[in-house]
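# Notes for the structure review
Residue strings, one per chain:
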Amino acid sequence: MKQILSLTAVAASAISALAAQQQPFTYPWGSSTTSAPNPDSYKFKWPVKRVAVIGTGVGGLIAYRELIENGFEVDIYERDNLPGGNWHYTDETPVDAPVPNAPIAVGDFEPSLPPQGVKLPYTEEYEEGHVAQQYRRVHRAPKPIWASLKSNAPAPIQQIRETPWPKGTEWELPHAKLARYIRAFASWHGVNANDGNPNAFYNTRVEHVERSETGWSLLSKELVKTEANTTRATWNKRHYDAVVVATGRYNAPNVPAISGLEQWNDRFPGKITHARAYRRPEEFKDKTVLVIGAAVGTSGGEIAREVIQHAKQVYVSVRPDRFRGPHFPLDVFLRRLPPNITLIGEIKTCSDPGSGIETSEIHLVNGTVFSGVDHIILGTGYRYTYPFLPQYVNSTLGTNGTLPREEGYTQPLITDGTHIRSLYLDAFYIPDPTLLFINANFGMQSFTFAEFVSLAAAKVWSGKADFPNTAALWEWYDKAVVDRLGYGRQFQFYGAERTQAALRFFVGWLNEAADKYGGRQIDNLPAEYVSNSYPDTRSCTRPDHGGRNDSNAEVSKIWVSARFANPDHGSNFPSNLVPVATPDIKVDGSEAWAQDWVYSDWW
């Protein structure tokens, strides 16, 4: 190594200064007790009776329940062999992440279509072997969680209200218990993989969804191993009046555009992996590991904490936190890094590869040059991508480009993969609200938030709730863009305050609709299960939330204090792994970032 700098103190000081620059923000939700923002309601082009739900994670299953209970005919699709979404752990890992990133229209997978002109359903069979096994692996996409992973939100908040955790359940839950919990919920509603429900399609990936003049067509591909020791693929097409996308946020890995990284990946196969493929730390015993992006999400930092118990050395590379709006600040993630990890700055280039990765040099933006790394783990997050909706992807727009809102222009959902566009309430596709997205945001709790969005869709599509006209939908959206300081990776962030504002809006809107049209009402979350109760001013300044009252939720205080103020309690890791934060920084769970953190299910 030519030079290595200990940047912990410098980074912490810079991060705190940047956090202090975060700007005030307001809400675009409107009054929490007003039903529709515009009395001139939206007129749907066809009645909604048949609905497809894509995904059997917690969001998809809750959507299925709400739609079934409101009289819709519902099919649910899952590419994996069990429900549970990201909580379905297997030792099998996903295929290697492409370096550089795959085109955003592909992102997670390249759709597999049947031969042109064949009659559907159409079937092909493949001899069993490595190729067939790879087909199934790519098809089902093993999930991005590791063997020791536990929940990063407390059980009282991370639960489905219909099936609350039994009294005495530990707050920090192993992934296996969360997976069983979700499968039990699926069984209760008759859509587990072994329930024999003809409307639940497991091992079935949605390849293409297309709108017509009368609804939506959905092309799917089932891929299963047969008793005859072959792999059988079956394509089919079905038609629906509405489509619910609940495929989650952790499908397409994001690989940073670091100069030379592609050449390193080609020269040193297997030495550069994305965090989604990490399973256990023992494989890094006595190795020097570089983790890139520990502040992009939880996974990089938590993996570094685990790997350091076996590795010879762990470096963690982070970029400055420059975003001014509400988000999970960088120093939150760094608080949980132990002192025997070396924090370094942003990487500029990977130099021409040498004879081995350990002899090849890495250059930092600050001029530092070092070598000796045996393995690189990319904890650099994920991109939003929906390969089955290619007509709504427009990569030419980049992060900030827009299109005229007039006939002949298809408003995009995805541009660069950092965010999702053109959604009312971050759920309904504005040009056609029969396309719905569940749990597309982060910094909210998907186990509860999905219930409000799903009930809204059920009421709107059944004519039991007024829905704003298109102009009003865009008006809400444009205000949201301003409120969130434009597009980019933080555009989908909610946090405690936005989550509560959204829930108040849904409760007011849907309960007024129930009074007007009938149907069930919905209660807000219990006060003890939400973070701070903020004054209804729609404006607060970060990071200290001046003007906030002091009714801090006990759940938040206990959880965050345990994870950040006292690592001996509630941590996944040994007590000798103390946070980076200096001793004079006190954490009691009432801090603004701490209130947001309780809503974190961000990996």
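Residues numbered from 1 in each chain as written. Predicted model: local features only at pLDDT ≥ 70, side-chain atom pairs only at ≥ 80, totals over all residues. Heavy atoms only, no water.

Looking up the chain in an unreviewed UniProt entry gives the name FAD/NAD(P)-binding domain-containing protein, with the organism given as Candolleomyces eurysporus.

### Observations concerning the overall build of the chain
This is how it is decided: Per the convention used, a helix needs a DSSP run of H or I reaching at least four residues, while a strand needs a run of E reaching at least two, with both numbered from the N terminus. For each residue, the accessible area found with a 1.4 Å probe, counting protein chains only, is set against the maximum for its type, and the residue is called buried under 20%, exposed over 50%, and partly exposed in between. Should any heavy atoms of two residues lie within 4.5 Å, those residues are considered in contact. The Shrake-Rupley method, run with a 1.4 Å probe sphere, supplies the accessible areas, and residue values consider only the shown protein chains as cover.
Within the chain, the secondary structure is distributed over 12 helices and 23 strands. Counting over 603 residues, the chain shows a buried share of 59%. Taking the contacts inside the chain whose residues are at least 6 apart along the sequence as the reference set, 75% of them involve residues at least 24 apart. A total of about 23800 Å² of accessible surface is found on the chain, and carbon and sulfur atoms cover 50% of it.

### Comments concerning helix 8 (residues 446-461)
The criterion, for reference: Multiply 1.5 Å by the residue count of a helix minus one, and that product is the helix's expected span.
An ideal rise of 1.5 Å per residue puts 22 Å on 16 residues; helix 8 measures up with 22 Å between its terminal C-alpha atoms. Buried residues dominate helix 8, accounting for 16 of its 16 residues. Note on helix 8: the residue one or two positions beyond its end, G463, has a positive phi of about 75°.

### Focus: the pairing of strand 9 (residues 242-245)
Walk down a regular strand and you will see the side chains alternate between the two sheet faces. To keep things clear, this is the line we draw: If DSSP finds at least two bridges between two strands, the strands pair.
Judged by which residues are buried, strand 9 turns out to be covered on both faces: A242 and V244 on one side and V243 and V245 on the other are all buried. Bridge count between strand 2 (residues 50-54) and strand 9: four bridges; the pairing is parallel. Looking at the pairing, A52 lines up with V243 of strand 9. Here three bridges tie strand 9 to strand 22 (residues 435-437), and the two strands are oriented parallel to one another. Bridging across to strand 22, V243 finds its partner in L435.

### Let's talk about the packing of aromatic side chains
The geometry of an aromatic ring pair comes down to the distance between the two centres and the angle between the two planes. Rules: In this analysis, rings of Phe, Tyr and Trp, with Trp reduced to its six-membered ring, are considered paired at centre separations within 6.5 Å, and the interplanar angle assigns stacked below 30 degrees, edge-to-face beyond 60, and tilted for intermediate values. For a lysine, the NZ atom is tested; for an arginine, the CZ atom; a charge sits over a ring if that atom is within 6 Å of the ring centre and within 35 degrees of the ring normal.
Counted according to the given criterion, the structure contains 30 aromatic pairs. Ring geometry for Y77 versus F201: centroids 5.0 Å apart, planes at 25°, classification stacked. Taken together, the residues Y77 in strand 3 (residues 73-77) and F201 in strand 5 (residues 200-201) connect sequence positions 124 residues apart. Accessibility classification places Y77 together with F201 in one group, the buried group. Over the face of the ring belonging to F109 we find R205, whose NZ or CZ atom lies 4.0 Å from the ring centre. Seen from the ring of Y487, R421 lies directly overhead, with NZ or CZ sitting 3.9 Å from the centre.

### Focus on the pattern of salt bridges
To be explicit about the condition: Salt bridges are counted wherever a side-chain nitrogen of Lys or Arg sits within 4 Å of a carboxyl oxygen of Asp or Glu.
Per the stated rule, a full pass over the model turns up 22 salt bridges. Residue R65 pairs with E66 through a salt bridge whose shortest N-O separation is 2.7 Å. Neither R65 nor E66 differs from the other in exposure class; each is buried. For E162, the salt bridge identified is with R65, shortest N-O distance 2.8 Å. On the criterion of sequence distance, the pair formed by E162 in the loop between helix 3 (130-140) and helix 4 (175-188) and R65 in helix 2 (residues 58-69) is long-range, its members being 97 residues apart. Since its relative accessible area comes to 5%, R65 is described here as buried. Each of R65, E66, R161, E162, E451 and R520 takes part in salt bridges that share partners, so that together they form one network.

### Examining the nonpolar core
This is how it is decided: We call a set of buried residues a nonpolar core when its members are Ala, Val, Leu, Ile, Met, Phe, Trp, Tyr or Cys and they connect through side-chain atoms within 4.5 Å of each other.
Counting 136 residues, the largest nonpolar core has V314, L389, L413, L435, W461 and W509 as its most contacted members. For this core, the leading source of residues is helix 8, giving 11 residues. Not counting residues within four places of it along the chain, the set of residues in contact with L435 comprises W216, V243, V245, L389, Y392, L413, A427, F428 and Y429. If you look at the next biggest cluster of nonpolar residues, it comprises 21 residues, including L261, W264, I292 and I357.

### Let's talk about the sheet that holds strand 14 (residues 342-344)
Operational definition: Throughout, an axis means a line fitted to C-alpha atoms (over the contacting stretch in the case of helices), and angles, computed between N-to-C directions, take values from 0 to 180 degrees.
Taking strand neighbours across the sheet as the criterion, the five strands line up as 11-18-12-13-14 in an open arrangement whose pairing is parallel. Taken across any chain shown, the strands that pair with only one partner, and hence form the sheet edges, are strand 11 (272-274) and strand 14. For this sheet, the mean angle separating the axes of adjacent strands, direction not counted, is 25°. Of the strand pairs in this sheet, strand 12 (residues 288-292) and strand 13 (residues 313-317) are connected by five bridges, and their pairing is parallel. The residue bridging T288 from the neighbouring strand is Q313, located in strand 13.

### What about the sheet that holds strand 7 (residues 216-225)?
The antiparallel open sheet is built from four strands, whose spatial order is 4-8-7-6. Each end of this open sheet is capped by a strand with a single partner; those strands are strand 4 (122-127) and strand 6 (204-211). Each adjacent strand pair in this sheet contributes to an overall mean axis angle of 15°, direction not counted. In terms of strand pairing, strand 6 meets strand 7 through seven bridges, oriented antiparallel. In the sheet register, R205 faces strand 7, and the bridge partner there is K221.

### Re unusual backbone geometry
Omega for the bond connecting V99 with P100 falls within 30 degrees of zero, at 5°, which places this linkage in the cis form. When you line up the elements, P100 lands in the loop between strand 3 and strand 4. Going from L120 to P121, the amide bond is cis rather than trans, its omega being 0°. Mapped onto the elements of the fold, P121 is located in the loop between strand 3 and strand 4. Despite not being glycine, N203 has its phi angle at roughly 55°, a positive value. Relative to the helices and strands, N203 is located in the loop between strand 5 and strand 6. Backbone geometry places N229, a non-glycine residue, at a positive phi of 65°.

### Thoughts on the environment of A592
Its location among the elements puts A592 in helix 12 (residues 592-597). We classify A592 as buried; its relative accessible area is 4%. It is 8.6 Å that separates the C-alpha atoms of A592 and A496, two residues lying 96 residues apart in sequence.

### Focus: the side chain of D75
Operational definition: Under this definition, polar contacts are N or O atom pairs within 3.5 Å; protein pairs additionally need one hydrogen-donor-capable and one acceptor-capable atom, and for neighbouring residues in sequence, both atoms have to be side-chain atoms.
With respect to the element layout, D75 can be found in strand 3. Within the local environment of D75, its side chain forms a polar contact with the side chain of N199, the two groups lying 2.8 Å apart. Side chain to side chain, D75 and Y240 meet in a polar contact 2.6 Å long. Every residue in contact with D75, bar those within four places of it in the chain, is listed here: R50, V51, A52, V53, N199, F201, R238 and Y240.

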